[in-house]
Every structure is written in structure tokens, then in C-alpha cells.
Amino acid sequence: MTLAGRKVFTVYLRDITERRQAEAELRAYREQLEDLVSRRTLALVSAEERLVTAINTFKGGFALYDAEERLSIANENLGRFMPEVLPHVRIGVSMEAMTRAIAAANGLGEDWIRERLALYRSHEEFTAQRQLRNGQWIETSVRHTPDGSTLFIITDISQHKQAEAALRQSLAREKELGQLQREFVSMTSHEFRTPLAIIDASIQRILRRRAQLSSTDFDALGGEIRAAVTRMVGLIDTILDTSRIDSGTIQFNPQPCDLRQAITDVCKRQQALATRHRIILDLARLPDRIIADAVFMDQITTNLLTNAVKYSPNGGDVMVRGWTESGAVAFSFTDSGVGIPSDELARLFQRFFRARTSTGIAGTGIGLYIVKRLLDMHHGTIHVASKEGCGSTITVRLPVVEMPIG
Ligand SMILES: Nc1ncnc2c1ncn2[C@@H]1O[C@H](COP(=O)(O)OP(=O)(O)OP(=O)(O)O)[C@@H](O)[C@H]1O
Ligand SMILES: [Mg+2]
């Protein structure tokens with residue numbers, strides 16, 4: 001600067017120590033802050049990773065929608081429960097879109113969608129159970145967080161459901177057994193009483209009129225007593241058979257046997273007793289040998305033939321046919337008796353069941369139950385065709401078992 005013709009220099013000196021210090025402090029502070037932020041971020045990331053791992057290891061399905069109803073977290077197992085909606089599961093998808101996808105995959109209509117969305121939005125906690133198309137049972141629980149998020153937790157409850165069904169089944173079985181027992185008691189007391197009454201009456205007559213009775217009278221009364229005893233023995237055998245079948249202690253002994261001969265023998269026996277019936281045989285088309293349990297075949301045939309005779313109280317013809325079909329041998333009994341009402345056909349093989357049309361004809365309702373169980377052991381089937389008042393045809397089919405050579 002020129003001052004009064006002379007050149008003058010001015011020098012200012014300022015102490016900037018404080019500024020420098022402040023700058024250094026600021027830098028240090030920034031670095032500290034950056035460090036803190038990066039450490040916090042790391043912690044956050046690992047916390048999120050831990051959370052995601054935890055959610056993914058959760059066996060159930062997990063989905064979290066934010067306050068705007070956008071999917072923000074979903075675990076891998078969500079897709080396990082709903083593979084059909086898996087393509088829709090992506091972050092940001094709306095709750096409504098997902099609900100619609102689930103409805104579409106499970107054949108649920110617009111009403112279900114509306115009802116569910118209203119429920120989710122009501123912010124009430126709710127739990128629902130549903131069976132998936134693959135048979136699996138799931139339980140969906142919906143919860144809400146204070147920030148307005150909606151949380152879905154889906155758990156597999158198939159095992160619970162199975163246990164529940166098994167329990168219900170065993171309870172029903174228990175009930176049924178109780179009922180069976182009651183029926184059994186009433187049936188046996190009734191069925192035993194009749195032959196006992198016959199025996200008692202015959203013996204009373206013998207005791208009272210011993211002197212007047214001729215030898216023919218004696219024979220007749222003795223015959224009646226024996227028939228009643230036979231009936232009771234038969235009853236006891238039947239009861240024992242059922243209990244052996246039920247407990248699985250009955251011996252199943254399949255061997256080559258002559259079915260034609262077995263049926264013929266039973267028919268001969270039955271014909272000797274049935275004076276008002278004609279038993280007609282047509283068994284030529286049966287094979288010479290089949291593999292079956294001969295004792296059971298006798299029981300099956302006896303039961304079915306006795307029924308055919310017993311349930312045609314006015315007598316008539318009973319046709320016994322036998323033939324061979326592809327893969328099976330079959331035989332049938334046709335009578336023209338009282339028949340079975342069509343609404344009762346399905347219950348015939350239940351223990352103690354007797355059709356309405358059997359009123360007045362003695363029986364316990366066990367015969368067909370035993371027949372069915374014995375046929376089951378042979379993997380055979382039984383079919384009943386009947387018209388009330390016109391008669392019945394009962395057909396048995398046995399699968400042909402390959403005969404061992406030699
Ligand atoms: N051929 C038939 N015609 C008409 N009804 C029949 C015939 N066979 C069976 N049924 C009906 O089916 C019911 C069950 O038959 P099932 O042989 O099991 O018992 P049941 O003959 O009454 O007694 P049992 O145990 O002494 O054989 C009979 O009570 C009868 O109502
Ligand atoms: Mg019977």
C-alpha cells in the first residue's frame with residue numbers, strides 16, 4: 001500500500017490453534033460416528049439374518065405384512081404348505097393378492113376371500129383350521145403387531161387331527177361294542193330260552209304222563225329234546241366261532257379241496273331236514289379242485305343254504321349254482337322266500353342284524369357276519385340280490401389261487 005508516497009507493508013497474525021483443534025475433533029467425531037454406524041449396521045444385519053434363520057427353521061409357515069398390507073417377510077416353509085401359491089410369494093405382494101391366490105388354489109370362492117380379508121383387517125386375533133387338497137390339515141393363526149403389521153403363522157396339525165380321528169373312532173367303536181354287548185345279551189337270552197322251554201315242556205309231559213305214553217310218543221318227545229339241544233349247541237358254536245374270529249385265534253387252513261363235493265354234502269344234509277323244499281343243484285361248471293379252507297367252506301355253505309330254506313317258510317325250490325368266471329369261482333343260492341327290504345341290504349353283514357322280513361323266523365343275525373369274515377380270509381366276496389316278498393340270490397366269489405404243481 002502506498003502511503004504518503006511511501007510503500008508500507010502490513011502483516012496480520014492470527015492464532016488458529018483452536019480452529020485446527022476443532023477440525024481435528026470434528027474429523028475424529030465423524031470417524032467415530034462412521035464406525036458406530038457401520039458397527040450398528042453390521043449388528044442389525046446379523047440380527048436380521050438371525051431372525052430370518054430363526055423364521056426359516058420354524059417348521060410352520062410365517063408371513064408378515066406391513067401396515068400397507070405388503071408382504072415384508074415370508075419363510076421358506078410357507079411354500080411347503082401352499083406349493084400352489086408359491087409363485088405369488090414375493091416381497092411386496094399385497095395381502096389381498098395372496099388371499100386370492102390361496103382361494104384360487106383351494107377352490108374357495110369370493111365369499112371366502114371377502115370374509116377372510118374382513119377378518120384380517122378387523123385386527124382381531126383369529127385362528128382357523130383347514131384341510132388342504134393333499135389331505136394335510138393346517139391351522140392358520142393371525143396376529144397383529146402394534147405398528148399395524150399383520151402376522152400369519154401356519155402350522156401342520158395333521159398329526160393332531162389324526163390322533164383326534166383315531167380317538168373319535170375308538171370311542172365310537174367302544175360305544176358300538178357296548179351296544180353289541182347289549183344286543184348279544186338280549187339275543188342269547190331270547191335264543192336260549194326257546195329251546196330250553198321246549199326241553200322243559202317235553203320233560204314235564206314225560207313226568208306227568210309217563211304211564212300213558214307210547215314208545216312213539218317217547219320217540220317224538222325225545223326227538224324234540226334232542227333238536228332243542230342241537231339248536232343250543234349250534235348257538236354256542238356260533239358264539240365261540242365269532243369270538244375266535246374276532247380275537248384272530250381261528251385257524252385258517254387253505255388246502256386243495258373239492259368245492260363241488262363240499263356243497264353237495266351240505267345240500268344233502270339240508271335236504272334231509274327240509275321236507276317242504278326242493279334243493280336243486282347245478283354245480284357241473286365248478287372246477288374239480290380249488291384252494292380253500294374246507295371247514296370254512298362247509299360253514300359258509302351251511303349258513304347260506306340254511307338261510308335260503310329258513311327264509312322261504314312256504315317251501316319251494318332252492319337253486320344252488322356253481323360256475324367259473326375269469327379269475328374266480330362262484331356259487332349262489334336262490335330262493336323264492338320273504339326277501340330282504342332294499343334299505344336293509346347294506347346292513348346284513350353286521351353282527352346281530354336281522355331284516356324286517358325275518359320277523360317270526362328264529363335266528364340270531366350272526367350267520368352272515370361269520371360268512372363274511374370267513375370269506376374275507378379267502379379274499380372272497382359276497383353279493384346279495386333280493387326283492388322283498390320275491391326271494392333272494394346270494395352269490396359268493398372266491399379268487400382262483402394258482403394250484404401248486406404235483
Ligand atoms: N335268503 C334270505 N332271504 C331273506 N332274508 C335273508 C336271507 N338270508 C339272510 N336274510 C336276512 O339276513 C339276516 C341275517 O342273516 P344271518 O344268517 O346273519 O342271521 P339269522 O339267519 O337271522 O341267524 P343265524 O345267526 O342263526 O344265521 C336274517 O335275519 C334275515 O333277515
Ligand atoms: Mg342265518
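It should be emphasised that the depicted structure is a prediction, and the values quoted were computed from it without experimental measurement.

1. Quick look at the site of ligand 1
Point 1. Taken together, 20 residues are adjacent to ligand 1, and Asn 307, Tyr 311, Arg 354, Thr 364 and Leu 368 come closest.
Point 2. In this structure, an oxygen atom belonging to ligand 1 sits 2.6 Å away from a side-chain N or O atom of Arg 354.
Point 3. Within the backbone of Gly 365, an N or O atom sits 2.9 Å from an oxygen atom of ligand 1.
Point 4. Protein burial of ligand 1: of its 590 Å² of free accessible surface, 94% is covered by the chains.
Point 5. With respect to the pocket detection grid, ligand 1 is positioned in the largest pocket.
Point 6. Of all elements in the fold, only α8 (294–310) and α9 (367–377) reach the threshold of two or more residues within the shell around ligand 1.

2. Structural notes on α9
Point 1. Within α9 the residues assigned to the buried category are Gly 367, Leu 368, Tyr 369, Ile 370, Val 371, Leu 374 and Leu 375.
Point 2. Residues of α9 that are buried in the fold lie against α6 (215–247), α8, β13 (381–387) and β14 (391–399).
Point 3. One or two residues past the end of α9 sits His 379, with phi positive at roughly 60°.

3. Quick look at empty space enclosed by the protein
Point 1. One pass over the structure, following the stated rule, counts one cavity of 30 Å³ or more.
Point 2. There is about 180 Å³ of room inside the largest cavity.
Point 3. Looking at the largest cavity, it is lined by 16 residues, and the ones nearest its centre are Met 82, Ile 102, Tyr 120, Phe 152 and Ile 154.
Point 4. The element that contributes the greatest number of residues to the lining of the largest cavity is helix α3 (residues 95–105), accounting for four residues.
Point 5. Looking at the lining of the largest cavity residue by residue, the classes come out as 12 nonpolar, two polar and two charged.

4. Some words on the domain arrangement of the chain
Interface size is often expressed as the accessible area that is lost when the parts come together.
Point 1. What the domain assignment lists for the chain is domain 1 (2–52), domain 2 (58–156), domain 3 (168–250) and domain 4 (252–406).
Point 2. A separation of 112 Å is found between the C-alpha centroids of domain 1 and domain 3.

5. A closer look at the side chain of Thr 150
Point 1. Along the chain, Thr 150 falls in strand β7 (residues 150–156).
Point 2. Overall, the relative accessible area of 3% leaves Thr 150 in the buried class.
Point 3. Once you skip the residues sitting within four places of it in the chain, Thr 150 turns out to touch Ala 63, Leu 64, Tyr 65, Met 95, Val 142, Arg 143 and His 144.

6. Thoughts on the packing of aromatic side chains
Point 1. Summed over the entire model, instances satisfying the criterion amount to five aromatic pairs.
Point 2. Their ring planes at 80° and their centres at 4.7 Å tell us that Tyr 120 and Phe 152 sit as a pair that is edge-to-face. Placement of the pair is Tyr 120 in helix α4 (residues 110–121) and Phe 152 in strand β7, with a sequence separation of 32 residues. Assigned by exposure class, Tyr 120 and Phe 152 land together as buried.
Point 3. Each ring, one from Phe 252 and one from Phe 296, has its centre 6.0 Å from the other, and the planes form 10°; the classification is stacked. Of this pair, Phe 252 sits in the loop between α6 and β8 (255–257) while Phe 296 sits in helix α8, placing them 44 residues apart in sequence.
Point 4. Its relative accessible area of 4% is what places Phe 296 among the buried residues.
Point 5. The ring of Trp 137 carries the charged tip of Lys 161 above its face, separated from the ring centre by 4.4 Å.

7. Looking at the layout of surface pockets
Point 1. A volume near 1700 Å³ is recorded for the largest pocket.
Point 2. Along the walls of the largest pocket sit 50 residues, with Asn 303, Thr 306, Asn 307, Lys 310 and Ala 362 positioned nearest its centre.
Point 3. For the lining of the largest pocket, the element with the highest residue contribution is α8, accounting for 10 residues.
Point 4. The class makeup of the residues in the lining of the largest pocket is 21 nonpolar, 19 polar and 10 charged.
Point 5. Mapping the lining of the largest pocket onto the domain boundaries places at least three of its residues in each of domain 3 (168–250) and domain 4 (252–406).
Point 6. In this structure, the second largest pocket encloses a volume near 210 Å³.
Point 7. If you trace the second largest pocket, you find it lined by Arg 173, Glu 176, Gln 179, Leu 180, Glu 183, Arg 347, Gln 350, Arg 351, Phe 352, Phe 353 and Tyr 369.
Point 8. Among the elements that make up the lining of the second largest pocket, the one with the highest residue count is helix α5 (residues 158–208) (five residues).
Point 9. Its residues assigned to classes, the lining of the second largest pocket shows four nonpolar, two polar and five charged.

8. Focus on the pairing of strand β11 (residues 316–325)
Point 1. Where strand β9 (residues 277–282) meets β11, six bridges bridge the pair, whose relative direction is parallel. Directly across from Arg 278, in β11, lies its bridge partner Asp 317.
Point 2. Two strands pair when backbone bridges link them, and β11 and strand β12 (residues 328–335) are joined in this way by seven bridges, in the antiparallel orientation. Within the sheet, the bridge partner assigned to Thr 324 lies in β12 and is Val 329.
Point 3. Connecting β11 to the antiparallel partner β12 that follows it, the hairpin turn spans two residues, and Gly 327 within it adopts a positive phi of roughly 75°.

Each value, and the rule that gives it
Residues numbered from 1 in each chain as written. Chains lettered and ligands numbered in written order. Predicted model: local features only at pLDDT ≥ 70, side-chain atom pairs only at ≥ 80, totals over all residues. Heavy atoms only, no water. Near = heavy atom within 4 Å. Polar contact = N/O pair within 3.5 Å; in protein donor to acceptor, adjacent residues only side chain to side chain. Areas by Shrake-Rupley, 256 points an atom, 1.4 Å probe, with all protein chains shown as cover. 1 Å grid on protein atoms, 1.4 Å probe; cavity = no way out; pocket = protein on both sides within 12 Å on 5 of 7 lines; lining within 4 Å. Sits in = over half its atoms within 2 Å of the grid points. Helix = DSSP H or I, 4+ residues; strand = E, 2+ residues; numbered from the N terminus. Buried < 20%, exposed > 50% of the residue type's maximum accessible area, 1.4 Å probe, protein only. Contact = heavy atoms within 4.5 Å. Points joined across faces, edges and corners; volume = space filled by probe spheres on them. Nonpolar A, V, L, I, M, F, W, Y, C, P; charged D, E, K, R; others polar. Domains from an automatic or database assignment. Phe/Tyr/Trp six-rings, centres within 6.5 Å; stacked < 30°, edge-to-face > 60°. Lys NZ or Arg CZ within 6 Å of the ring centre and 35° of its normal. Pairing = 2+ DSSP bridges.

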